[in-house]
Amino acid sequence: MKVLLGVTGSIAAYKALELARLLKRQGAEVRFVLTRSALEFVTPLSCQTLSGYEVYVDQFVLTTGIKHLTLCEWADILVVAPATANILGKAASGIGDDLLSTSLLSCQKPVLFVPAMDEGMWDNPIVKKNVAILKNNGFRFVDPVVGALASGKIGRGRFPSVAVIGKKIVSIIDKHRDLGGKKFLVTGGRTEEDIDPVRVVTNRSTGLMAAELIQAIFCRGGTVKAIVGEAACQLPDGMDITRVRTSAEMLDALKNDFSWCDCLIMAAAVGDYRPLDQSSIKIHDEKFELSLKKNIDLLKEITKEKGTRIVVGFSLETSDQLARAQHKMNKKNMDIVVFNTPAAIGAERAAVSMMKRNSEKEDLGDQTKWQIANRILDECILLMDSKACK
Ligand SMILES: Cc1cc2nc3c(=O)[nH]c(=O)nc-3n(C[C@H](O)[C@H](O)[C@H](O)COP(=O)(O)O)c2cc1C
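What this report covers is the structure whose coordinates are included nearby. Since the model is a prediction, treat every value here as computed from it, not as a measurement. (Residues numbered from 1 in each chain as written. Predicted model: local features only at pLDDT ≥ 70, side-chain atom pairs only at ≥ 80, totals over all residues. Heavy atoms only, no water.)

## Let's talk about the overall build of the protein chain
A count of helical and extended segments in the protein chain gives 13 helices and 19 strands. Projecting the C-alpha coordinates of the protein chain onto the three principal axes gives extents of approximately 80 × 50 × 40 Å. Expressed as a percentage of the 390 residues in the protein chain, the buried residues total 49%. In the protein chain, of all internal contacts separated by at least 6 residues, the share reaching a separation of at least 24 is 66%. If you average the places of the 52 positive and of the 46 negative side-chain charges in the protein chain, the two averages end up 5 Å apart. (Helix = DSSP H or I, 4+ residues; strand = E, 2+ residues; numbered from the N terminus. Buried < 20%, exposed > 50% of the residue type's maximum accessible area, 1.4 Å probe, protein only. Contact = heavy atoms within 4.5 Å. Lys, Arg positive; Asp, Glu negative; His and termini not counted. Charge placed at Lys NZ, Arg CZ, Asp CG, Glu CD.)

## A closer look at the sheet that holds strand S16 (residues 310-316)
Across the sheet, eight strands lie side by side as S12-S11-S8-S13-S16-S17-S18-S19; this open sheet has mixed pairing. Each edge of the open sheet is held by one strand with a lone partner, namely strand S12 (240-243) and strand S19 (362-368). For this sheet the average axis-to-axis angle between neighbouring strands, irrespective of direction, equals 20°. Two elements, strand S17 (residues 336-340) and strand S18 (residues 349-356), share four bridges in a ladder whose sense is antiparallel. Paired with Val 338 across the bridge in S18 is Met 354. Relative to the sheet, helix H12 (residues 321-331) contacts S16, S17 and S18, its axis offset from that of S17 by approximately 150°. (Pairing = 2+ DSSP bridges. Axes fitted to C-alpha atoms, helices over the stretch in contact; angles between N-to-C directions.)

## Concerning the nonpolar core
If you look at the biggest cluster of nonpolar residues, it comprises 37 residues, and the most contacted ones within it are Phe 184, Ile 265, Val 312 and Ile 376. For this core, the secondary-structure elements that each account for two or more residues are strand S8 (183-188), helix H9 (208-219), strand S11 (223-228), strand S13 (263-266), S16, S17, S18 and helix H13 (369-389). Leu 5, Leu 17, Ala 28 and Leu 34 belong to the second-largest nonpolar core, a separate cluster that totals 32 residues. (Core = buried A, V, L, I, M, F, W, Y, C linked by side-chain atoms within 4.5 Å.)

## With respect to the state of the cysteines
Taken as a whole and assessed by the stated rule, the structure comprises zero disulfides. Cys 107 provides the cysteine sulfur closest to Cys 72, a residue in no disulfide bond, and the two sulfurs are 3.5 Å apart. (Disulfide = S-S within 2.5 Å.)

## Here we look at the packing of aromatic side chains
Summed over the entire model, instances satisfying the criterion amount to three aromatic pairs. Between Tyr 53 and Trp 74 the ring centres are 6.2 Å apart and the planes differ by 70°, which places this aromatic pair in the edge-to-face class. Of this pair, Tyr 53 sits in the loop between helix H2 (44-51) and helix H3 (67-74) while Trp 74 sits in helix H3, and the two are 21 residues apart along the sequence. For Tyr 53, a relative accessible area of 24% corresponds to the partly exposed category. With a centroid separation of 5.8 Å and 45° between ring planes, the pair formed by Phe 113 and Phe 139 is classed as tilted. Note that Phe 113 is positioned in strand S4 (residues 111-115) and Phe 139 in the loop between helix H7 (125-136) and strand S5 (140-141), a separation of 26 residues in sequence. Among the residues examined, Phe 113 registers a relative accessible area of 0% and is labelled buried. By way of ring pairs, the aromatic residues Phe 113, Phe 139 and Phe 141 are connected into one cluster. Its end group placed over the ring of Tyr 53, Arg 31 keeps NZ or CZ at 4.0 Å from the ring centre. Above the ring of Phe 141, the side-chain terminus of Lys 135 is found at 5.3 Å from the ring centroid. (Phe/Tyr/Trp six-rings, centres within 6.5 Å; stacked < 30°, edge-to-face > 60°. Lys NZ or Arg CZ within 6 Å of the ring centre and 35° of its normal.)

## Things to note about the site of the ligand
Taken together, 14 residues lie near the ligand, and Gly 9, Ser 10, Thr 35, Thr 84 and Ala 85 sit nearest. Within the backbone of Ala 85, one N or O atom sits 2.8 Å away from an oxygen atom of the ligand. At a separation of 2.9 Å, an oxygen atom of the ligand approaches a polar side-chain atom of Asn 86. For the ligand, whose free accessible area comes to 640 Å², the fraction covered by protein is 64%. Here the shell around the ligand gets three residues from one element, more than from any other, and that element is helix H4 (residues 85-93). (Near = heavy atom within 4 Å. Polar contact = N/O pair within 3.5 Å; in protein donor to acceptor, adjacent residues only side chain to side chain. Areas by Shrake-Rupley, 256 points an atom, 1.4 Å probe, with all protein chains shown as cover.)

Keep in mind these values describe shape, not function.
Now the structure itself:
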């Protein structure tokens, strides 16, 4: 367990040292990031002695690697304890003006805030709004408790016990590594079919959904292979990704890898049609007719040998979404269908619905594709576990 412990300028900052000791006793590695204000309350020497690691404060130092990126890549979780009203406000507003706030902006691992402040600050409507924004965006909290505050008053705002925080950290990391030992095959991006050596028939998919799925599986400890067509987004580095162009190439790659996986998530926008004839030379005619023929349905084809694998497919329709999604789920032997409208193509966020076999559809509401990816994986793991129990 690797914990990046952010400490901010609260009177409770000394309790971060207690938390670090507890985590270390539980076998964790801990590295400290301090804000400038935190330096007024705890010394880097104490933090370094306790953690056994260099303590980080500045982001603009001559060093190898970019600190706010490499520290989060190293960590399983970023815990900000204690978190001041100030750091909550910065995180909720997207401000990155020091190493800790910039790390919070770029962190792709779970983040846990443990606020500590005077009751007046905690009850401030702006602080409340910032906490709500962060909670709604997937940041976790251990809320402050009622007790004696530094001001001498009794009220809510007190730093909770380190034992409670430690338990919360372990539960988040365990959940977050819940895909360990599971093998996922993800397809993504769009396929292209040649009209002539220059023009293609394709669609507007960017591959972002697949990119988020690949990253989320990796972060949650799963093994992932991906087959990706053309994509307009940055694909995660260092992953096992086979690049393809046409629907036929994607089918070949799927046939190679399907038997390897426990779960296939078919997020690729595979072209339904291809030109009947492909010209080997560039077409210059004033006018020409393009006839299309149906491509093989990849999911239907590949799920003939489905076995006990979990299969997730997507359905994008302009009308009759539920009926069409249900039809596709049966025809293509899927366990989960995620359906949406063309508004989802290329967008960072989408309002999708999800349906499992013999279940009602569930509307997920407007979410980022990262959140959608994680919801899909939550359902996959539930299905895998229930199959394993049978
Ligand atoms: C003695 C003292 C104690 C403070 N305790 C807290 C606190 O418990 N919680 C808090 O939100 N701010 C507290 N503050 C205010 C913060 O230190 C201040 O907002 C600072 O700018 C926070 O910077 P940081 O979030 O970058 O660490 C305290 C300030 C002082 C002088």
